[in-house]
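Read off the chains here:
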2 protein chains.
Amino acid sequence: MKEFTGARVGCFCCLATGVPEPVALPESSGKAPEPTLSRLSFYLRSLRRLVKEGVKTISSAKMAGRCGVSAVQIRKDLSYFGEFGRPGIGYDVQHLLARLTEIMQLDHQHRVVIVGAGNLGSALAGYSGFVLSPFQVVGIFDNNFSKIGRRLWDLEILDAHHLPEVNRELRANIGMITVPADAAQEAADLLVKAGVRAILNFAPVMIVVPPDIALRNVDLTRELEVLCYYINRLPAPPE
Amino acid sequence: MKEFTGARVGCFCCLATGVPEPVALPESSGKAPEPTLSRLSFYLRSLRRLVKEGVKTISSAKMAGRCGVSAVQIRKDLSYFGEFGRPGIGYDVQHLLARLTEIMQLDHQHRVVIVGAGNLGSALAGYSGFVLSPFQVVGIFDNNFSKIGRRLWDLEILDAHHLPEVNRELRANIGMITVPADAAQEAADLLVKAGVRAILNFAPVMIVVPPDIALRNVDLTRELEVLCYYINRLPAPPE
DNA sequence: TAGATTGTTAATCGATTAACAATC
DNA sequence: TAGATTGTTAATCGATTAACAATC
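Residues numbered from 1 in each chain as written. Chains lettered and ligands numbered in written order. Predicted model: local features only at pLDDT ≥ 70, side-chain atom pairs only at ≥ 80, totals over all residues. Heavy atoms only, no water.

Description of the nonpolar core
- In this structure, M176 of chain A together with M176 of chain B are the most contacted members of the largest nonpolar core, which totals 110 residues.
- When neighbours within four sequence positions are excluded, M176 of chain A is seen to be in contact with V112, V113, I114, V115, L124, F130, L191, L200 and F202 of chain A together with L220 and L224 of chain B. (Core = buried A, V, L, I, M, F, W, Y, C linked by side-chain atoms within 4.5 Å. Buried < 20%, exposed > 50% of the residue type's maximum accessible area, 1.4 Å probe, protein only. Contact = heavy atoms within 4.5 Å.)

Some points on the pattern of salt bridges
- In this structure the tally under the stated criterion is 18 salt bridges over all chains.
- Between D212 of chain A and R197 of chain A there is a salt bridge whose closest N-O contact spans 3.4 Å. Of this pair, D212 of chain A sits in the loop between β9 (198-201) and β10 (214-217) while R197 of chain A sits in the loop between α7 (184-194) and β9, and the two are 15 residues apart along the sequence.
- A residue is classified by how much of its surface remains accessible, and R197 of chain A, at 24% relative accessible area, is partly exposed.
- Residues joined by salt bridges that share partners form a network here, namely E34 and R216 of chain A together with E223 of chain B. (Salt bridge = Lys/Arg side-chain N within 4 Å of Asp/Glu carboxyl O. Helix = DSSP H or I, 4+ residues; strand = E, 2+ residues; numbered from the N terminus.)

Structural notes on the protein's contact with DNA strand D
- R39 of chain A together with S60, R75, G85 and Y91 of chain B are the nearest of the 25 residues found near DNA strand D.
- Backbone atoms, meaning sugar and phosphate, form 68% of the atoms of DNA strand D found within 4 Å of the protein.
- Between a sugar or linking oxygen of DNA strand D and a side-chain N or O atom of R86 of chain A, the distance comes to 3.1 Å.
- Side-chain polar atom of Y91 of chain B to a phosphate oxygen of DNA strand D: 2.6 Å apart, as the coordinates give it.
- Within the residue set of the surface near DNA strand D, elements represented by two or more residues are α1 (34-52) and α3 (71-79) of chain A together with α3 (71-79), β2 (85-86) and β3 (90-92) of chain B.
- Counting residues per element, the surface near DNA strand D draws most heavily on α3 of chain B, at 4 residues.
- For the surface near DNA strand D, the class distribution of residues is 9 nonpolar, 9 polar and 7 charged. (Near = heavy atom within 4 Å. Polar contact = N/O pair within 3.5 Å; in protein donor to acceptor, adjacent residues only side chain to side chain. Nonpolar A, V, L, I, M, F, W, Y, C, P; charged D, E, K, R; others polar.)

Written out as structure tokens, the structure reads:
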């Protein structure tokens, strides 16, 4: 019977449990709960827009209105990482953006490899949201001979078995798994061998990785199934 | 300032808050927490495999081993919906599978439309995981004239503006949004007008829908950003 | 100074876990 | 009957929210 021992990051609705304590790193003295980290990413998105809008300063209350989160929640979330605001004034948008970007380690590029050059893998390889983002897809792999060697966007599909060696050159620190369920663990093992520090798994199956590898799951089927549960179980608008 | 009023289903890490109380439907007398529903989907996956393996009966403890969830958690989760096991024996796999399938409303087909025929939309339209599943993609829409009319798999890409009318024929009850962020709300409005009961949003932006429409978000960027936070913050293996 | 707003401590809420009586 | 295992009640844990002193 296989037990889960790998590091899983996030709530169970993301197919992950057991939030591991963040370990010494300048920014994280305390141990922020996972929901906080998830919201941090959301605040970042909001802050980036605020910068574009030319807003210089924002209060937690105004931010709350934009994010659909309470103002206390925001202040509490930020308090895990330091004091960023000024009483009576609010937060300097530029400054907060810079600090949160650092904390989330988004201040440097992350090189991503994709294992599985099917529909989803191909789509992700060409995801336009990655341009101007800290994420850069530097390689895509498959174990299907009919796919290996083919070009995809500006990449050549490489043999998944060579991933560990090839990544010495590619230097990717994040891997995305877009293979069928029964190949997902193998893909994960290859990524771990290749030395990635984080894995985003799209295969509809649990995978096991060492505890120092961050793992999150995106599970389309699960999302749809939970949606189905709520169909016709949600209260109608108050009218 | 736009406030969130729509129905959002799931924890914040799925970009959703405010779990609405499930309303009268035979199966749900109580109000199961959202994490429970998410796990239910997971138990279902496990049960389907057990059936294939020919396992007739399973205890919560054995199930726990397979799912990476505690046995009490499983029993508690199930208890929101009824008594499915026999003390001293365990659960009849077939029976539990059937009951959970009903509860999640997966005992009938769900027709899905996709708004956004870009990389991701196209990939989802051809997702092989949907064959033999209760989900069937019956239409794909876009508002880009260069795409409208083109064939994708066995579907023709239709004009998104016609979605509400076309869906009278298509009869989809689930919509997936795979358009860029700035078109997502418009897509959502069209889906609501078309009468879908549930929306899965892949656009990296919050959308607002009436409270009786179930909404979940899949947010690639957020997942990657949270992963980045954990990079080098996870404790190394105990060795 | 008065008003606004932060960061934090304490209270609340909700979900998970432990303990155990019921029952096959 | 004894052993296994369920379903549930009570205890625990963790995250959110309320209250408020500090400070711009």
